[in-house]
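Structure at a glance
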Amino acid sequence: MTPNLVALLYLVSGVLFILALRGLSSPATSRQGNYFGMTGMAIAMVTTLAVAAPQSVWTWLLLLGGLGVGGSIGAVTARRIAMTAMPELVAAFHSLVGLAAVFVAAAALYAPDSFGIGTRGAIGAASLIEMSLGVAIGAITFTGSVIAFAKLSGRMSGKPIILPARHAINLGLFVAIVYLIYLFCQSGGDATLFWAITLLSMLFGVLIIIPIGGADMPVVVSMLNSYSGWAAAGIGFTLSNIALIITGALVGSSGAILSYIMCKGMNRSFISVILGGFGGETAGPAAGGEQKPVKLGSAEDAAYVMKNASKVIIVPGYGMAVAQAQHALREMGDALKKEGVEVKYAIHPVAGRMPGHMNVLLAEANVPYDEVFELEDINSEFPQADVVYVIGANDVVNPAAENDKTSPIYGMPVLQAWKAGTVLFNKRSLASGYAGIDNPLFYNDNTVMVLGDAKKMTEEIVKALAH
Amino acid sequence: MHGRKQSTFGRLTALAAGAVTLTTALASPALAAGGIGGTIDPIVYELMVFVMAIFVGYYVVWAVTPALHTPLMSVTNAISSVIVVGALLAVAVEHGAVSGLTGGDTVASKTFGVLALIMAAVNIFGGFLVTQRMLAMYKKKGDKR
């Protein structure tokens, strides 16, 4: 194959990746888009194998072995993973992209000839800049995603870990990494400096994620998605590979846009999220200790109110994911529809632990996607709704965000559930949400608290509806 | 409301398509170099592709429906594993095939290559398959399973 043909084939796979993302503009075209992505990947891999065909049987074995081991782990995981565990799976995948970037950069450092970037110890400065950026961002992505994974999967507390003088430590680390990169680029490719950059970047990755609390995880996951893209682009420049450069740019901007959408959904600036220290799962400031009265209701009460409604809007949150209540919820929706009730679902952009988390769970439970609405499309409908069923959500329906200037979440766009006739609020207890903020909606006259596990409570409501 | 959305969407698509064409034109050195009359460092072309691809990504990703943001993340995971091309090159490094490569360097490159290959393979298979599994679940009203 001529170098021109090779470059064009990589361009084709880059374009197929663009089409893969393009397909996601609607569920109807998304499946086809995914096939475009797979085709692009196959073209890139076959082209590479044709250019640098392994010379020995031993190399073929290594190659097929690596593909086989990795591929089977990936395929089995993809098949078995529960939809509720998607945020931690995505975080784990990000960490692998980061680590792969580090390893590819290391391989290029030890055998630069085969990558066409010079000889051992005498690599061009431009290639070294690209390589060191790729490896630094890759290492940050790796450890940062490991921490995010640990927090999301509950292996580590979601509480922010605040080190004293952490800003000074982070700044010092950052300056040190930049200085080492400078030295590395002067050195022609010194291995010690390479590994020093890698280690410091890994430490940096840990330190920037540990102070970020559970509620800010959607931003963190999106941000790491973006980083994994920039790391891939850095390696793409090192290898002069168009497919990798295009993909890196796509993924980098995709993650950046998602981070922006998540920040806007919480009315927080990106900087304040990164600086961390918000969103612990602790109780908020003790509000004077006075107990305001709330109305409590049973599953039978909830079923009765909903059965007699003409329009019900369901607001799911992270609690629904934790309790795996999506299937019971869909049964409830079906039972209500059988009674002639109009049922809609309202999704807040930051509900759950990653962008689109609630949509996937509802889709898993066979809720048609045209019954599921985004905040700006459904917010005007709450006054016409007779009942709102809030299941496992809290901060995203907090009226304080609109009318209490002293509230930490003031200005955050929220679902105006309080405008409905009756609000049925399902929660495990009266504790505040992940932002640690009291919710005045609990104490409204038209709010009925149905306390209990989201799944059990919803199942009881379904039973009561059948009577 | 709906009409306005549609037209915005149409514009985005046209913009994205235009940017792709531009990227393709820029990525062809012969075409551009002929006009300028000199040789341009390949890294400049790579940078052009990179910048254009960021713009393409910007418009394409804004057009993604929020309901599919989770599949978007898993599919971006899968495609960023095209870094596998670097892993394949590293595994294929042969001792003595190129100048100045010692046995130790070959072993190091191959080892890192295999490790990177395993990680990328997990992501490629895992990423595309889990995306497919998710996308298969999105049903319209009346669709049968």
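If you're wondering where the values come from, they're calculated on a predicted model, not measured in any experiment.

**So, the overall build of chain B**
Looking only at helices and strands, chain B has six helices and zero strands in total. Along the chain direction, N to C, the helices and strands of chain B fall in the order α-α-α-α-α-α. Counting over 145 residues, chain B shows a buried share of 50%. Partitioning the contacts of chain B with sequence separation of at least 6, the portion at a separation of at least 24 is 61%.

**Things to note about the nonpolar core**
Residues and elements named next belong to chain A. The biggest cluster of nonpolar side chains holds 200 residues, and the ones touching the most others in it are Met131, Met306, Val315, Met332, Tyr389 and Ile461. When residues of this core are assigned to their parent elements, the largest contribution, 18 residues, is made by helix 4 (residues 86–110). When neighbours within four sequence positions are excluded, tyrosine 389 is seen to be in contact with Met306, Ile313, Ile314, Val315, Leu329, Met332, Leu424, Asn426, Val450, Met457, Thr458 and Ile461.

**Some words on the pairing of strand 7 (residues 422–427) of chain A**
All names here are of chain A. Within strand 7, five of the six residues are buried, which leaves it mostly tucked inside the rest of the structure. Sheet topology note: the strand 6 (residues 387–391)/strand 7 ladder contains five bridges and is parallel. Residue pairing for strand 7: valine 388 is matched across the bridge by valine 423.

**Some details on the side chain of serine 30 of chain A**
Here serine 30 of chain A lies in helix 2 (residues 27–51). Residues in contact with serine 30 of chain A, not counting those within four places in the same chain, are Gly23 and Leu24 of chain A together with Leu68 and Leu135 of chain B.

**Some remarks on the side chain of serine 254 of chain A**
Residue placement: serine 254 of chain A occurs in helix 10 (residues 242–266). Here serine 254 of chain A falls in the buried class, since its relative accessible area comes to 0%. Residues in contact with serine 254 of chain A, not counting those within four places in the same chain, are Asn225 of chain A together with Val61, Leu72 and Thr76 of chain B.

**A few points about the pairing of strand 4 (residues 342–347) of chain A**
Residues and elements named next belong to chain A. For strand 4, the buried fraction is high: five of the six residues fall into the buried class. Bridge analysis of strand 3 (residues 311–316) against strand 4 gives four bridges, and the strand direction is parallel. When the bridges of strand 4 are listed, isoleucine 313 appears paired with lysine 344. Where strand 4 lies against strand 5 (residues 372–374), three bridges are found, and the strand directions are parallel. Bridged to tyrosine 345 within strand 5 is valine 372. Running through helix 15 (residues 357–364), the crossover from strand 4 to the neighbouring parallel element strand 5 is right-handed.

**Brief notes about the interface of chain B and chain A**
Chain B puts 88 residues into the contact, and the matching count from chain A is 108 residues. Between chain B and chain A the total buried area reaches about 8,800 Å² when both faces are included, carbon and sulfur atoms providing 77% of it. At the surface where chain B touches chain A, the tally comes to one salt bridge. We note a salt bridge from aspartate 105 of chain B to arginine 120 of chain A, for which the minimum N-O separation is 3.1 Å. Seen at the junction of chain B and chain A, the total is 18 residue pairs in polar contact (both at pLDDT 80 or more). For the side of chain B that touches chain A, the element with the most residues is helix 6 (residues 103–135) of chain B, which contributes 27 residues.

**Focus on the domain arrangement of chain A**
Residue and element names in this part refer to chain A. When its domains are assigned, chain A resolves into domain 1 (1–80), domain 2 (83–275) and domain 3 (299–466). The distance between the C-alpha centroids of domain 1 and domain 2 comes to 23 Å. The interface of domain 1 with domain 2 comprises eight residues on the first partner and seven residues on the second. Counting the surface domain 1 buries against domain 2, the share from its top three residues, Tyr10, Phe17 and Leu21, is 46%. Counting across the interface, domain 1 meets domain 2 through zero salt bridges. Scanning the region where domain 1 abuts domain 2 turns up zero residue pairs in polar contact (both at pLDDT 80 or more). Looking at the side of domain 1 that touches domain 2, the element that brings in the most residues is helix 1 (residues 3–23), giving seven residues. Each residue belonging to the side of domain 1 that touches domain 2 can be placed in one class, and the counts come to five nonpolar, three polar and no charged.

**Description of the packing of helix 3 (residues 57–80) of chain A against helix 6 of chain B**
The geometry of helix 3 of chain A relative to helix 6 of chain B is characterised by a closest axis approach of 7 Å and an angle of 30° between their N-to-C directions. Where helix 3 of chain A crosses over helix 6 of chain B, the handedness of that crossing is right-handed.

**So, unusual backbone geometry**
If a residue is not glycine, its phi is most likely negative; likewise, a peptide bond is most likely trans. All names here are of chain A. Positive phi, normally seen in glycine, also occurs at serine 240, with a value near 50°. Among the structural elements, serine 240 can be located in the loop between helix 9 (217–239) and helix 10. The phi angle at asparagine 366 is positive, at roughly 70°, despite the residue not being glycine. Positionally, asparagine 366 belongs in the loop between helix 15 and strand 5.

Calculation criteria
Residues numbered from 1 in each chain as written. Chains lettered and ligands numbered in written order. Predicted model: local features only at pLDDT ≥ 70, side-chain atom pairs only at ≥ 80, totals over all residues. Heavy atoms only, no water. Helix = DSSP H or I, 4+ residues; strand = E, 2+ residues; numbered from the N terminus. Buried < 20%, exposed > 50% of the residue type's maximum accessible area, 1.4 Å probe, protein only. Contact = heavy atoms within 4.5 Å. Core = buried A, V, L, I, M, F, W, Y, C linked by side-chain atoms within 4.5 Å. Pairing = 2+ DSSP bridges. Right-handed = clockwise from strand over helix to strand, strands pointing away. Buried area = accessible area lost by both parts, 1.4 Å probe. Salt bridge = Lys/Arg side-chain N within 4 Å of Asp/Glu carboxyl O. Polar contact = N/O pair within 3.5 Å; in protein donor to acceptor, adjacent residues only side chain to side chain. Domains from an automatic or database assignment. Nonpolar A, V, L, I, M, F, W, Y, C, P; charged D, E, K, R; others polar. Axes fitted to C-alpha atoms, helices over the stretch in contact; angles between N-to-C directions. Left-handed = near helix turned anticlockwise from the far one by under 90°.

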